[in-house]
Amino acid sequence: MSSHESQPENVDEPPECWFAERAAMATNMAYLRAKAQLQTVVISKNGYIVAEFPDGTEETLGVSKRRRVQAGVAVNLRVAPVNSKS
């Protein structure tokens, strides 16, 4: 990797900004990779949690409850059973 590739474009910004930008990029890449591999992905869409199936159909799994989270603080996630598609 060249030194140009290891440095972000905006070197004046603090490193915390780089992390957020790279995390967003990695999330988008994972989403696109999962869709390309014909996997079901779960996303937040218009205030709902939605499963996007490989055939293009969608199933609403629940209402998205927005909660503010703070960096560095652990978040407890409750896993709900997902209805399998017949």
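Owing to the predicted nature of the structure, the values given are computational and were not obtained by experimental measurement. (Residues numbered from 1 in each chain as written. Predicted model: local features only at pLDDT ≥ 70, side-chain atom pairs only at ≥ 80, totals over all residues. Heavy atoms only, no water.)

(A) Focus on the overall build of the protein. Secondary structure summary: the protein contains two helices and three strands in total. Along the protein, helices (α) and strands (β) appear in the sequence α-α-β-β-β when read from the amino end. Considering the protein as a whole, with its 86 residues, one finds that 8% of them fall into the buried category. Restricting the contact set of the protein to residue pairs at least 6 apart, pairs at least 24 apart contribute 7%. When the accessible area of the protein is evaluated, it comes to approximately 7900 Å², of which 54% is carbon and sulfur surface. (Helix = DSSP H or I, 4+ residues; strand = E, 2+ residues; numbered from the N terminus. Buried < 20%, exposed > 50% of the residue type's maximum accessible area, 1.4 Å probe, protein only. Contact = heavy atoms within 4.5 Å. Areas by Shrake-Rupley, 256 points an atom, 1.4 Å probe, with all protein chains shown as cover.)

(B) Just the pairing of strand β3 (residues 58-63), in detail. Judged from the five bridges that link them, strand β2 (residues 48-52) and β3 form a sheet pairing that is antiparallel. Residue pairing across strands places V50 opposite T60, the latter belonging to β3. Counting the residues that bridge the hairpin from β2 to β3 gives five residues, and of these G56 lies at a positive phi of roughly 95°. (Pairing = 2+ DSSP bridges.)

(C) Broad picture of unusual backbone geometry. One non-glycine residue, L38, lies in the positive phi region at around 60°. Tracing the backbone shows L38 in the loop between α2 (15-36) and β1 (41-45). On the basis of relative accessible area, L38 is assigned to the exposed category, the value being 58%. Located in the positive-phi region is N46, a residue other than glycine, with phi close to 55°. Along the polypeptide, N46 turns up in the loop between β1 and β2. What makes N46 exposed here is its relative accessible area of 74%.

(D) Up close: the side chain of E52. Structurally, the position occupied by E52 is in strand β2. In terms of polar contacts, E52 uses its side chain to reach the side chain of Y31, at 2.8 Å. A polar atom in the side chain of E52 sits 3.1 Å from the side chain of K35. Setting aside its immediate chain neighbours within four residues, E52 contacts Y31, K35, Q39, T40, V41, I43, K45, T57 and E58. (Polar contact = N/O pair within 3.5 Å; in protein donor to acceptor, adjacent residues only side chain to side chain.)

(E) Layout of the pattern of salt bridges. Inspection of every chain in the model, using the stated rule, returns two salt bridges. Measuring nitrogen to oxygen at the nearest pair gives 3.1 Å for the salt bridge that ties K35 to E52. Pair noted here: K35 is in helix α2 and E52 is in strand β2, with a separation of 17 residues, a long-range link. Classification of K35 by relative accessible area gives partly exposed; the value is 30%. The salt bridge involving E58 is made with K45; its shortest N-O contact spans 2.6 Å. Residue E58 is found in strand β3, and its partner K45 is found in strand β1; the two are separated by 13 residues along the sequence. Here K45 falls in the partly exposed class, since its relative accessible area comes to 30%. (Salt bridge = Lys/Arg side-chain N within 4 Å of Asp/Glu carboxyl O.)

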